[in-house]
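Understanding the architecture of this molecule
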Amino acid sequence: MARRVLIAAAGAAAGGVMIGGLDPLVALAGFALVTGAAALPDRRRRSPLAALPREAHSPTQDDRLGHLVAALPEPALLVDRRARVLAANSRVEATIGPARIGEPLTFTLRVPEVLEAVRAVAGGASARRVEFQARIPVDRWYEAHVAPVRFSGTEAVAPGLPDVVLVLLRDLTQQRRLEQMRADFVANASHELRTPLASLSGFIETIQGPARNDAAARERFLAIMAEQAKRMSRLIDDLLSLSRIELNLHIRPDTRVDLVHVAREVIDALAPLALDRGIELRLNEQAASLPVQGDRDEMIRVFENLIENALKYGGTERGIDVVCAETAREDGSREAVVSVIDYGLGIAPEHLPRLTERFYRVDVPRSREQGGTGLGLAIVKHIVNRHRGRLSIASEAGKGTIFAVRMDLSQVLPPAKKQAESMP
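Below, the structure is looked at part by part. Predicted model only: the values in this text are computed from it and were never measured.

Another point: the overall build of the protein. Scanning the protein from terminus to terminus reveals twelve helices and twelve strands. Burial analysis of the protein (424 residues in total) assigns 36% to the buried set. Long-range contacts, defined here as pairs at least 24 residues apart, represent 61% of the contacts in the protein between residues at least 6 apart. Here the protein has roughly 24,900 Å² of accessible surface; of this, 55% comes from carbon and sulfur atoms.

On to the sheet that holds strand β4 (residues 140-149). One open sheet accounts for five strands, arranged β2-β1-β5-β4-β3; its pairing is antiparallel. Each having just a single partner strand, β2 (85-88) and β3 (128-134) make up the two edges of the open sheet. Between one strand axis and the next, the sheet turns by 25° as a mean value, whatever way the strands run. The pairing of β4 with strand β5 (residues 164-171) spans eight bridges and is classified as antiparallel. Residue His-145 lies in a different strand from β5, and its bridge partner there is Leu-168. The strands touched by helix α5 (residues 112-122) within the sheet are β1 (76-79), β3, β4 and β5, with β3 carrying the most contacts at an inclination of about 160°.

Attention now goes to the pattern of salt bridges. This structure, assessed with the given rule, holds 22 salt bridges. Between Glu-308 and Lys-312 there is a salt bridge whose closest N-O contact spans 3.1 Å. Highlighted residues: Glu-308 and Lys-312, both in helix α9 (residues 296-314), separated by four residues, approximately one helical turn. Accessibility expressed as a relative area gives 26% for Glu-308, which makes it partly exposed. Here Glu-335 ties to Arg-390 by a salt bridge, and the two come within 3.4 Å at their closest N and O atoms. With Glu-335 in strand β10 (residues 334-342) and Arg-390 in strand β11 (residues 390-396), the pair connects residues that are 55 residues apart, well separated along the chain. When salt bridges that share partners are traced, they join Arg-252, Arg-329, Glu-335, Arg-390, Arg-406 and Asp-408 into one network.

A separate point is the pairing of β5. Every regular strand shows the same layout, with side chains that alternate between the two sheet faces. As paired elements, β1 and β5 share four bridges and run antiparallel to each other. Opposite Leu-78, over in β5, you have Leu-166 as the bridge partner.

Where α9 contacts helix α11 (residues 376-386), the two axes come as close as 9 Å, and the packing angle between them is 145°. Between α9 and α11 lies a crossing whose hand is left-handed. Along the contact surface, α9 presents Glu-298, Met-299, Arg-301, Val-302, Asn-305, Leu-306 and Asn-309, while α11 presents Gly-376, Leu-377, Ile-379, Val-380, Ile-383, Val-384 and Arg-386. A per-class count over the contact of α9 with α11 returns eight nonpolar, three polar and three charged.

Our focus in this paragraph is the packing of helix α7 (residues 215-247) against α11. Two numbers describe a pair of packed helices, the interaxial angle and the distance between the axes. It is at 10 Å that the axes of α7 and α11 come closest, and there the two elements cross at 20°. Comparing the axis directions of α7 and α11 gives the class roughly parallel. For the pair α7 and α11, the crossing hand works out as left-handed. Two secondary-structure elements touch here, α7 through Asp-238, Ser-241, Leu-242, Ile-245 and Glu-246 and α11 through Ala-378, Ile-379, His-382 and Ile-383.

Here is what the cut-offs are and how they apply
- Residues numbered from 1 in each chain as written.
- Predicted model: local features only at pLDDT ≥ 70, side-chain atom pairs only at ≥ 80, totals over all residues.
- Heavy atoms only, no water.
- Helix = DSSP H or I, 4+ residues; strand = E, 2+ residues; numbered from the N terminus.
- Buried < 20%, exposed > 50% of the residue type's maximum accessible area, 1.4 Å probe, protein only.
- Contact = heavy atoms within 4.5 Å.
- Areas by Shrake-Rupley, 256 points an atom, 1.4 Å probe, with all protein chains shown as cover.
- Pairing = 2+ DSSP bridges.
- Axes fitted to C-alpha atoms, helices over the stretch in contact; angles between N-to-C directions.
- Salt bridge = Lys/Arg side-chain N within 4 Å of Asp/Glu carboxyl O.
- Left-handed = near helix turned anticlockwise from the far one by under 90°.
- Nonpolar A, V, L, I, M, F, W, Y, C, P; charged D, E, K, R; others polar.
- Parallel < 35°, antiparallel > 145°, perpendicular 65-115°, else oblique.

Here is the structure:
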């Protein structure tokens, strides 16, 4: 194309001089301008993949690569050897922001370690893996896999160099948080067990030594040792229960249980504790029955923990109410709601989001004095989650606290009714 332009320009200049009397200097200057313009590179916008060797792509190669990257389950980008974005799937925008085709990768991903890995792989290095942390807007951890991609038949064009580079991102945030949670759990469990163990060891040494012949001191120390041993036993039992619940967290119970009957049974079992503390336990049955899909023993454990906590930390002369009701959701479906209401001092707002964390206590000395392990509400939360229910906590200083368990009403028929309906 440029050659034809130059030939036409030369002909026009010569004709102007010979026929039109054009000044030869002017004609020469015009020809020089046309020559310079023809020598400039073509700046028309082309597809970024057109920069690949001709053998590396067909007329539909752009679309094929774009569809391939879009089908990947993780955030993925395809860049050329100069780190310009050739293709990106929709998951990239949700992870690190929008990636514009044809722009440098640095406009989207500003992680020096990853960019260095891309440059190295584009220069002929083998695949690399880089872990990095993003702190804005919240802390997140990612793993970047940078791999060279070579198309067949292009080795002679760029020996040893890839045609494109694939950058695949994997979110490690959940994994890192689980690892941190396990580490915190082991540390907290060790701390909780260390205190009673130290007490037992100290009292044993005292009984074996200075208090060997002191009967009164020995009896007092033995009573304290028995209490510490019970505390360790409760902690171990709660840890085992929590482990069993987490093991089956993905399996929803398929049996039928009536929450009203469960509430009655738990109140009857805790009546002696309430009597000892001078607190009245009241059951308000606003629904005759609340059938749900659930494990009876686990639901008993839920309401035992909630009512026992109310007796220990929220019980007053106004008593404690357990309300069983059936309510409607916004979509018109019905749900069972069992609320445990105390009228104690309440819980400060800053503590509410963390109440169901393992070993979290609002008042550590009081909790240990009451024999708490710090795992009761964590067990409640995990059981309710396994039953696909919801636990809500509302509290106001000086007015008390409401723990409410919400679950879907069961549509499963009891065996006797099933048999009756199946009969002709």
